[in-house]
Amino acid sequence: MSDIKLLITGSKGRMGQAIIRAAESQNVAVASTVDVGDALVPALEKADIVIDFSSHLFTNELLDECLKQKKSLVIGTTGHTNEELARIREAAKTLPVVFASNYSIGVNTLFWLTRKAAELLGPAFDLEVVEMHHRLKKDSPSGTARTLVEILADVRGLEYDNDCKHGRFGDVGARTPKEIGVHAIRGGDVVGDHTVIFANVGERVELTHKASSRDTFANGSVRAAVWLADKPAGLYDMQDVLGLK
Ligand code: NAD
């Protein structure tokens, strides 16, 4: 049993509700919750660590208050602007922060496999990322798809600047090793599917992860909070939490 106390922000949302259940099942105390209209300052005073799955529009206010009260953060929210991403990186110089586009063990294994496959298969293979999510998802492409593109771009030696829209990333035109396709499909109640396609003439490799329950992200985020409790200031991701680095 961990003795940390959590503040869950975005607590009335799909993920917020799953995280409250995950904390209970892992015997971690939820000291307070915040959603739209709730006061952040007193809620944060009751907690040691925040788990935030809300909106990127809330990120600046949350970081300001965490810096004032010196509280650690697990950030699962996606869809941040470049300015908001810079603020998270700045705050992590002072605070312990886990920031991950995906908290599932399966997807973090997919990240690892994607890097390995891209390295082994080399530039002859065309790269495409395809994701599908439920009809209510706000950001597109997903944060996880962006991370996959970032990994592929890194292996191909391309500059990645978060400017990753649905469609093509890199030098678009006739298929070249400097181009990565990104495709976001929306519909129904899909929790989160991601496929990375490596296509060459005569063969292709596809790596796929399908989430069928939000509990996988929720359990991972609580595990990240427990892991973060004794860590110094710094920016960590789920690969750090899982010891995959
Ligand atoms: P949701 O819309 O169901 O829930 C978001 C909640 O945040 C809502 O209750 C909303 O009222 C609340 N909220 C919005 N603005 C707020 C504010 N200013 N202050 C306090 N609360 C506020 O969405 P969701 O499906 O639960 O997803 C939430 C976020 O988590 C999204 O950015 C999503 O992409 C991300 N997500 C990340 C992972 C991961 O593993 N990193 C997994 C799933 C979802």
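Residues numbered from 1 in each chain as written. Predicted model: local features only at pLDDT ≥ 70, side-chain atom pairs only at ≥ 80, totals over all residues. Heavy atoms only, no water.

Visitor: Go over the overall build of the protein, please, and point to the residues and values.
Guide: When helices and strands are tallied, the protein shows eight helices and 11 strands. Expected size for 245 residues packed as a compact globule is a radius of gyration near 18 Å; at 18 Å, the protein falls within 12% of this value. Each principal axis of the C-alpha atoms in the protein carries an extent, and together these give about 60 × 35 × 35 Å. In the protein, buried positions account for 51% of the 245 residues. Total accessible area computed for the protein in this model is approximately 11,700 Å², and 52% of it derives from carbon and sulfur atoms. (Helix = DSSP H or I, 4+ residues; strand = E, 2+ residues; numbered from the N terminus. Rg over C-alpha atoms; globule rule 2.2 N^0.38 Å. Buried < 20%, exposed > 50% of the residue type's maximum accessible area, 1.4 Å probe, protein only. Areas by Shrake-Rupley, 256 points an atom, 1.4 Å probe, with all protein chains shown as cover.)

Visitor: Tell me about the pairing of strand β5 (residues 96-99), residues and numbers included.
Guide: Strand direction decides the pairing type here: strand β4 (residues 72-75) and β5, joined by three bridges, are parallel. Within β5, the position partnered with Val74 by the bridge is Val98. Of the strand pairs in this sheet, β5 and strand β11 (residues 234-236) are connected by three bridges, and their pairing is parallel. In the strand pairing of β11, Val98 is matched with Tyr236. (Pairing = 2+ DSSP bridges.)

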